[in-house]
Amino acid sequence: MQATCRQRLERVRSRLKEEKLTALIVFSRASVRYLTGFTGSAGILIVGRDGCAWLVTDGRYKLQAKEQTKGTGVKIVITRMSDRVIANILKRAGGHRVGFESRYCTVAFLEKIKGELKGTKIRLESVVGIVEDLRAVKDERELAHIRQAAQLADAAFEQALKVLKVGMTERELAWEIEAFLRTQGADSIAFPPIIVSGERTALPHGQPSDRKLQKGDLVTMDLGAMVKGYCSDLTRTVVIGRPNGEQQRIYRAVWEAQQKGIESLMSNQKGKKVDTVVREVLDKYGLKKLFIHGTGHGVGLEIHEAPSLGQRSKDILKPNMVVTVEPGVYVPNFGGVRIEDLVLVTDGKPEVLTHSLNPPKILSV
Ligand code: ZN
Ligand code: ZN
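Attention in this report is confined to the structure presented alongside it. Note that the structure is predicted; figures quoted are calculated from it, not measured. (Residues numbered from 1 in each chain as written. Chains lettered and ligands numbered in written order. Predicted model: local features only at pLDDT ≥ 70, side-chain atom pairs only at ≥ 80, totals over all residues. Heavy atoms only, no water.)

## Considerations on empty space enclosed by the protein
No. 1: According to the stated counting rule, one finds one cavity of 30 Å³ or more in the structure shown.
No. 2: Of the pockets and cavities examined, the largest cavity occupies roughly 30 Å³.
No. 3: Taken together, Arg236, Thr237, Val238, Tyr251, Leu357, Pro359 and Leu363 form the lining of the largest cavity.
No. 4: Take the lining of the largest cavity: its biggest share by element is three residues, from strand β12 (residues 234-239).
No. 5: Class assignment of the residues belonging to the lining of the largest cavity gives a composition of five nonpolar, one polar and one charged. (1 Å grid on protein atoms, 1.4 Å probe; cavity = no way out; pocket = protein on both sides within 12 Å on 5 of 7 lines; lining within 4 Å. Points joined across faces, edges and corners; volume = space filled by probe spheres on them. Helix = DSSP H or I, 4+ residues; strand = E, 2+ residues; numbered from the N terminus. Nonpolar A, V, L, I, M, F, W, Y, C, P; charged D, E, K, R; others polar.)

## As for the packing of aromatic side chains
No. 1: Following the criterion strictly, the structure yields two aromatic pairs and no others.
No. 2: Their ring planes at 85 degrees and their centres at 6.0 Å tell us that phenylalanine 27 and phenylalanine 109 sit as a pair that is edge-to-face. With phenylalanine 27 in the loop between β1 (23-26) and α2 (29-36) and phenylalanine 109 in helix α5 (residues 107-116), this residue pair connects regions lying 82 residues apart in the sequence.
No. 3: Judged by its relative accessible area of 11%, phenylalanine 27 falls in the buried class.
No. 4: For phenylalanine 109, a relative accessible area of 17% translates into the label buried. (Phe/Tyr/Trp six-rings, centres within 6.5 Å; stacked < 30°, edge-to-face > 60°. Buried < 20%, exposed > 50% of the residue type's maximum accessible area, 1.4 Å probe, protein only.)

## Comments concerning the layout of surface pockets
No. 1: Estimates place the volume of the largest pocket at around 540 Å³.
No. 2: Elements that contribute at least two residues to the lining of the largest pocket include exactly α8 (170-183), β13 (296-298) and β14 (305-309).
No. 3: Broken down by class, the residue content of the lining of the largest pocket amounts to eleven nonpolar, ten polar and eight charged.
No. 4: The volume enclosed by the second largest pocket comes to roughly 320 Å³.
No. 5: Along the walls of the second largest pocket sit 17 residues, with Arg103, Val128, Ala306, Ser308 and Asp315 positioned nearest its centre.
No. 6: If you list the elements that add at least two residues to the lining of the second largest pocket, you get α6 (130-136) and β14.
No. 7: For the lining of the second largest pocket, the element with the most residues is β14, which contributes four residues.
No. 8: Two domains share the lining of the second largest pocket, each providing at least three of its residues, namely domain 1 (2-135) and domain 2 (137-364). (Domains from an automatic or database assignment.)

## Here we look at the coordination of the zinc ion (ligand 1)
No. 1: Distances from the zinc ion (ligand 1) to its protein donors, namely Asp222 (OD), Asp222 (OD), Asp233 (OD) and Glu340 (OE), fall within the range 2.0 to 2.6 Å.
No. 2: Coordination at the zinc ion (ligand 1) is irregular, judged from the four donor atoms that bind it and the angles of 54 to 147 degrees they form at the metal.
No. 3: Considered as a linear motif, the donors of the zinc ion (ligand 1) on their single chain read D-x10-D-x106-E.
No. 4: Distance-wise, the zinc ion (ligand 2) is placed 3.1 Å from the zinc ion (ligand 1), both being coordinated by aspartate 233. Residue aspartate 233 is located in the loop between β11 (230-231) and β12, and its partner glutamate 340 is located in the loop between β17 (335-338) and β18 (341-344); the two are separated by 107 residues in the primary sequence. As far as burial versus exposure is concerned, aspartate 233 and glutamate 340 are alike and both buried. (Donors = N, O, S within 2.8 Å, 3.2 Å for Na, K, Ca; no water. Tetrahedral: all angles 85-135°; square planar, octahedral: opposite > 155°, others 65-115°.)

See below:
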């Protein structure tokens, strides 16, 4: 791991050189973990040139930071005044053009650092995507963790099918899934399971409620495990009892859109194009307007990370990226269907990492 962190830090440094930046302040917790191994909740990393890096954290993490970053060459700085300390590090070693991860830093904190840098020649410049782009392409060890997280998600879905019954609430079903994941080997859940039923399936990210499952309901289950920091993401929609015609039709359209989307995942493919392929299938069924989110997202240390598969995406797929393909159709006052799998992009055909039942006709339970 430590050797890997060193390599990753070197990759960041060569990106900084390309961008003519002299240092980078990393605020994203997942990126700090990726580059140093440190898992604490408070830590800011400064990547300098010439092999230098500093992890600024507080007294709570003194021991943990030292242990987790052993062998990475990262210096640990313990302080309660991180703004001043960061400014001092930059003054000593930062050069003149310092990048900062603007997506993960508050305006208030940035202003504090700027205040400390007053009178110097150091300029802070907003940076988006340097570490995220590196994180998007996984190595074998990362893939092993993601595969394990995917396996656990599959097992949790199987468990959900076993316990799901009429009269139980969405919250109860969500808890069954969460408890299963936590006791069967996940470090944690990747996100609180999304369990919605009946008309509530029209809410793409509805929270589990006290609504009781009834005969004839659509039930959408969106769940994921976290293993060694890496996430999985899986969604299935089933029906309790016999599906009606409209439920069947919508399900079939979403299923077909998902299959076509997965088939289109290949190296050098545009993220936007995958989304277009999916939308075209739904359009054929007259359902395009009811697909109200993007087709998918990268998954790794964060449940949503680069690349993105949507109309606004500029990302290009590369081998060893892991993405979801998750079309959905949401009909207000009726219900909705979403189907989501986790897929590995390769040099050839994509490899679906989640293996839960995904039949062309809606699964009736
Ligand atoms: Zn999901
Ligand atoms: Zn997802």
